[in-house]
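Read off the chains here:
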Amino acid sequence: MVSGLVQLGPGSEADALEFCARQPEHTLVIAGWLGEGGLRRSDKTQKAWLFAEQDEQRRVQGLVYVSDNGIVLPVLRSRSALDALVELGARNPQVIRVVVGERSTVDHLLRAWVPRGFRPRLHRDQLAYVVGEDGFSPHGNVELRPAEPEDLDALVEASAEMAREEAGDDPQARNPGLFRSRIKKRIERGRDFVLMTSQGLSFKSNVAALSSFGGQVEGIFVPPAHRQQGLGLKGTSWVTRWILDRAPRACLLVNEDNQGAKRLYLRLGYVLSHSSRTSFFA
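Here is a short report on the structure shown in this document. Position numbers for residues start from 1 in each chain and track the written sequence from start to end. Where totals are concerned, whole chains, interfaces and linings use all residues; where local detail is concerned, this predicted model gives features only for residues with pLDDT of at least 70, and gives and counts side-chain atom pairs only at 80 or more. Values shown for side chains rest on all heavy atoms present in the structure; no hydrogens or waters enter the calculation.

## Section: the side chain of S237
Right, so step 1: Summarising the element assignment, S237 is placed in helix α8 (residues 231–244).
Right, so step 2: Using a relative accessible area of 4% as the deciding quantity, one classes S237 as buried.
Right, so step 3: We call two residues in contact whenever any of their non-hydrogen atoms come within 4.5 Å of each other. If we ignore the near neighbours within four places in the chain, the residues touching S237 are F136, P138, H139 and L268. In DSSP terms, a helix is any run of H or I states spanning at least four residues, a strand is any run of E spanning at least two, and both are numbered starting from the N terminus. Accessibility here uses a 1.4 Å probe with only protein chains present; expressed as a share of the type maximum, an area under 20% marks a residue as buried, one over 50% as exposed, and anything in between as partly exposed.

Written as structure tokens, this is what we have:
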């Protein structure tokens, strides 16, 4: 236990999911992890940890997900819980690689961590959008397919090109082996989708999380040679439909300054949910 936060273990899934049901757009990744048995794993295979903010009746009022590769997803409301996360991070600075959350939450963490030696190297201010069945407006007739092992090289290159273009960040320059292995593992999960043509990969996206509350779309990218053909709209429509066939809502994050992408998502019926920030640390 950390003052203000309690680590959850097996048997706490229902309490955590009850909170996720109240905050679905903020907790899709957490709910997806819980649904895939995250808290029921043994210590030897545990891939993430979950901390809870609780009220006097021990009802969950906030959650913090911390993965073994340094991704932190805080969904917190009280100052005491935020301060507890500040102290948790300050004691384990080597653990934190990326923080993703509501902008005010991430700003609070940064204001506390930077004076204590944390070195953020990149920020992305983003907007979260959500769409349900009633609001969805499908476009196009492309048919994506799950990525296969032979698509790995194309997906690695497209994913790296997307990172360089959207954030000025080159993941292949930092640790190409780790970057490739993460994409390989995503392919094995069966939720990366591609459109392959005679000219190669023309569109890619993946479903980062899926639960009974919704699914989160990530990694939408059309290589430059295939743009101006409507593939971004059609491909995103296909992935959104795939999620809505399985869950009540689809969500995604878009860089706040990406006007073209925002217009695309609005055409599909997505509406603004909240402001978000992703901060990467050295």
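Still more to cover.
## Points about the packing of helix α3 (residues 79–91) against helix α4 (residues 103–113)
Right, so step 1: Two numbers describe how α3 lies on α4: the axes approach to 10 Å, and their chain directions differ by 50 degrees. If you check the angle between α3 and α4, you find them oblique. The crossing of α3 and α4 is right-handed. Facing R79, L82, D83, L85, V86, G89 and A90 of α3, the residues of α4 in contact are T105, H108, L109, A112 and W113. Axes, fitted as lines to C-alpha atoms, cover a helix only where it is in contact. Angles between the N-to-C directions of the axes lie from 0 to 180 degrees. Just so you know how the angles are binned, under 35 degrees is roughly parallel, over 145 roughly antiparallel, 65 to 115 roughly perpendicular, and the rest oblique. Crossings are classed by handedness, with left-handed meaning an anticlockwise turn of the near helix from the far one by less than a right angle and right-handed meaning a clockwise turn.

## A look at α4
Right, so step 1: Taken residue by residue, α4 has R103, T105, V106, H108, L109, L110 and W113 as its buried positions.
Right, so step 2: Here the buried face of α4 lies against β4 (71–75), α3, β5 (98–102), β6 (120–132) and β12 (271–281).

## Focus on the state of the cysteines
Right, so step 1: Note that a disulfide, as used here, is simply two cysteine sulfur atoms within 2.5 Å. In the structure shown here, the tally under the stated rule is zero disulfides.
Right, so step 2: Cysteine C251 is unpaired, with the sulfur of C20 as its nearest cysteine sulfur at 12 Å.
Right, so step 3: Note on C251: relative accessible area 4%, which makes it buried.

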